[in-house]
Amino acid sequence: MKTEELLIAGFGGQGVLSMGKILAYAGVMQGKEVVWMPSYGPEMRGGTANVTVILSDEQIDSPVLMKFDTVIVLNQQSLDKFEQAVKPGGRLFYDSNGLQNFPTRNDINIYHIPATAKAAELGTTKVFNIMVLGGYLKIVPIVNVENVEKGLYKSLPERAHKLIPLNIEALHNGASIVEVIQEV
Amino acid sequence: MAEEIQLLKGNEAIAEAAIRCGADAYFGYPITPQSEIIEYLAQEDPYNKRTGMVVLQAESEVAAINMVYGAASTGKKAMTSSSSPGMSLKQEGISYLAGAELPCLIVNVARGGPGLGTIQPSQADYFQTVKGGGHGDYNMIVLAPYTVQEQYDFVKLGFDLAFKYSNPVMILSDGAIGQMMEKVTLSAQVPRETKDYGWNVLGKSENRERRYITSLYLQSEVMEQKNLKIQAKYAEIRKNEIRYEEIQTDDADYILVAYGISARIARKVIRLARAEGIKVGMLRPITLWPFPSARLKELAPKVQGMLTVEMSAGQMIEDVRLAVEGAVPVKHYGRMGGIIASPTEVFINFKKLFNIA
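A brief structural summary.

Rules and cut-offs
- Residues numbered from 1 in each chain as written.
- Chains lettered and ligands numbered in written order.
- Predicted model: local features only at pLDDT ≥ 70, side-chain atom pairs only at ≥ 80, totals over all residues.
- Heavy atoms only, no water.
- Helix = DSSP H or I, 4+ residues; strand = E, 2+ residues; numbered from the N terminus.
- Rg over C-alpha atoms; globule rule 2.2 N^0.38 Å.
- Contact = heavy atoms within 4.5 Å.
- 1 Å grid on protein atoms, 1.4 Å probe; cavity = no way out; pocket = protein on both sides within 12 Å on 5 of 7 lines; lining within 4 Å.
- Points joined across faces, edges and corners; volume = space filled by probe spheres on them.
- Nonpolar A, V, L, I, M, F, W, Y, C, P; charged D, E, K, R; others polar.
- Pairing = 2+ DSSP bridges.
- Axes fitted to C-alpha atoms, helices over the stretch in contact; angles between N-to-C directions.
- Buried < 20%, exposed > 50% of the residue type's maximum accessible area, 1.4 Å probe, protein only.

**Concerning the overall build of chain A**
Counting its regular elements, chain A contains 6 helices and 7 strands. If you list the helices and strands of chain A from N to C, you get β-α-β-β-β-α-β-β-α-α-α-α-β. In summary, chain A has a C-alpha radius of gyration of 15 Å against a globular reference of 16 Å for 184 residues, a match within 12%. On the principal axes, the C-alpha backbone points of chain A span a range of 45 × 40 × 35 Å. When contacts within chain A are restricted to residue pairs at least 6 apart in sequence, long-range pairs at least 24 apart make up 59% of them.

Rendered as structure tokens:
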């Protein structure tokens, strides 16, 4: 896979930005070119947060994109706003928690990661975002789990290193719960 | 030693570079979207473990730029950073620094204006930066990074140029480059050192003439001589320090002129255009002052048009038009107020502006 252009969107506080950062670090560990570009507007306060992550084997041009290979949405607002931003034939991931309206497009691949429910069941809501990442990486293995782990060691301060095994477990849990809704 | 690679935000890259190139002092006042610079430096703790660099949050932007004046007078590598509204406040101090011929590094991670504006990226500070936002006949050397790596590299380059010419150097960045993360190859740590440059105030010894740092010369004749000396220096800078990058200009029918984040967008526009068989290239000014005018003039007769892509109402376009002297139509496309035009949007408008089907 040459280039993956990804958008992750959800509520501020869901760990959207840090999930993107962990993926970006894993990309660095895998020797890829990476860009991590956050939305940093005032809309982040209590509203939606989103981040663009681009992983590529080539030099990355524009970090500003309108269409994405993959979009991961973690709330209704983000789904409403970004479903149309998936390239035809691209991928949309969502967590059904709190959703009233579901994806409607029939020209894209759609996957469900019930991460909120699973995290609540396991009592590990803090690693909810890593579970989402695990689900995504199961379908789009752009980086391997070893590099995610290496990236975590590199990006987290030492005092947080004891939590890394919990994160890796969450990654595997995420991979085990992702469901295919439709593939085109 | 193996290459040291880190994933850094553009703002963090500025701070890390400052420490690693042996900067002596940072004075600043927080403002979005560049607060990570002071945050990163302050985390190193006040007398930072690596180099002992002084990091101080001033009471205002005005205080910070005048602290830079003081530190620079002693030959220390001093810097400050801010974003657009804060940079307006620093203009008086910048004029004084240029007048006193003091080396220093100033970073503007620009946001949308005018006024308090937005916190999103913008390039509407071009005029202020290259035409002299403060009073008097002066110029700063202006470097415009378009990757996080350049954001890192231009700190050392900026200090080197500042000391080579005894002149303030500005890094004109934008909120997008400041906030995004990319891989950065780090340089080795350089120790701090203060040299005797022959002009800096280091404490006067008995048999040395006194040194006096000022921009005040009450006799017009003396002031004019000072101006002539500074202008001669600027001529030298124009001769030696013009930097730019060309991408696919060899066979280009159209040339995009863009810097900073807009040049990243433009790089994608080149791909979109060439996929449709339209030969587009780019000239990216790396120094906005001195400006690569001569090269643009050379390229002008070979192409059918030039488009500046700027996040402003069109500011750099004036310098491009001056450079090509009417030899080729020069147009502008850009969004304002903190909006970054997407590559597709720029491409569609490029075709419209030049009537390409």
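Still to come is the rest of the account.
**Re the layout of surface pockets**
Each pocket or cavity is described by its volume, and for the largest pocket that value is around 990 Å³. Forming the walls of the largest pocket are 29 residues, and the residues nearest its centre are Lys 21, Lys 154, Ser 155, Leu 156 and Pro 157 of chain A. Elements that contribute at least two residues to the lining of the largest pocket include exactly helix H1 (16-29), helix H4 (128-139), helix H5 (145-155) and helix H6 (164-177) of chain A together with strand E1 (4-9) and helix H2 (36-43) of chain B. Looking at the lining of the largest pocket residue by residue, the classes come out as 14 nonpolar, 6 polar and 9 charged.

**A short note on the sheet that holds strand E10 (residues 254-257) of chain B**
Residues and elements named next belong to chain B. In spatial order, the strands read E9-E11-E10-E13-E14; together these 5 strands make up an open sheet with mixed pairing. Lying at the two open borders of the sheet, with one neighbouring strand each, are strand E9 (244-247) and strand E14 (330-333). Between one strand and the next, the sheet's axes are offset by a mean angle of 20°, whatever the strand orientation. Pairing between E9 and strand E11 (residues 280-285): 4 bridges, direction antiparallel. Along E11, the bridge assignment pairs Ile 247 with Met 282. With respect to the sheet, helix H12 (residues 316-324) is in contact with E10, E11, strand E13 (305-309) and E14, its orientation differing from that of E14 by roughly 165°. Helix-sheet contacts for helix H13 (residues 343-353) involve E10, E11, E13 and E14, and the interaxial angle to E14 is about 145°.

**What about the sheet that holds strand E7 (residues 168-174) of chain B?**
Residues and elements named next belong to chain B. One open sheet accounts for 7 strands, arranged E3-E2-E4-E5-E7-E6-E12; its pairing is mixed. In the strand order of this sheet, the two ends are held by strand E3 (54-57) and strand E12 (287-289), each with one partner. Direction aside, the axes of adjacent strands within the sheet are offset by 20° on average.

**Quick word on empty space enclosed by the protein**
All names here are of chain B. Scanning the model with the defined rule gives 1 cavity of 30 Å³ or more in all. Of the voids in this model, the largest cavity is the one considered here, and its volume is about 60 Å³. Around the largest cavity, the lining residues are Ser 262, Ile 265, Val 309, Glu 310, Met 311, Tyr 333, Gly 334, Arg 335, Ile 340, Ala 341 and Val 346. Broken down by class, the residue content of the lining of the largest cavity amounts to 7 nonpolar, 2 polar and 2 charged.

**Quick word on unusual backbone geometry**
All names here are of chain B. A cis amide bond links Thr 32 with the next residue in sequence, Pro 33, at an omega value of 5°. Tracing the backbone shows Pro 33 in the loop between strand E2 (25-28) and H2. In this model, Gly 113 is joined to Pro 114 through a cis peptide bond whose omega is 0°. Unusually for a residue other than glycine, Glu 101 sits at a positive phi of about 55°. Residue placement: Glu 101 occurs in the loop between helix H5 (91-99) and strand E5 (104-110). The phi dihedral of Gln 248 falls on the positive side, at around 50°, and the residue is not glycine. Mapping Gln 248 onto the fold places it in the loop between E9 and E10. Classification of Gln 248 by relative accessible area gives partly exposed; the value is 41%.

These figures capture arrangement, not role.
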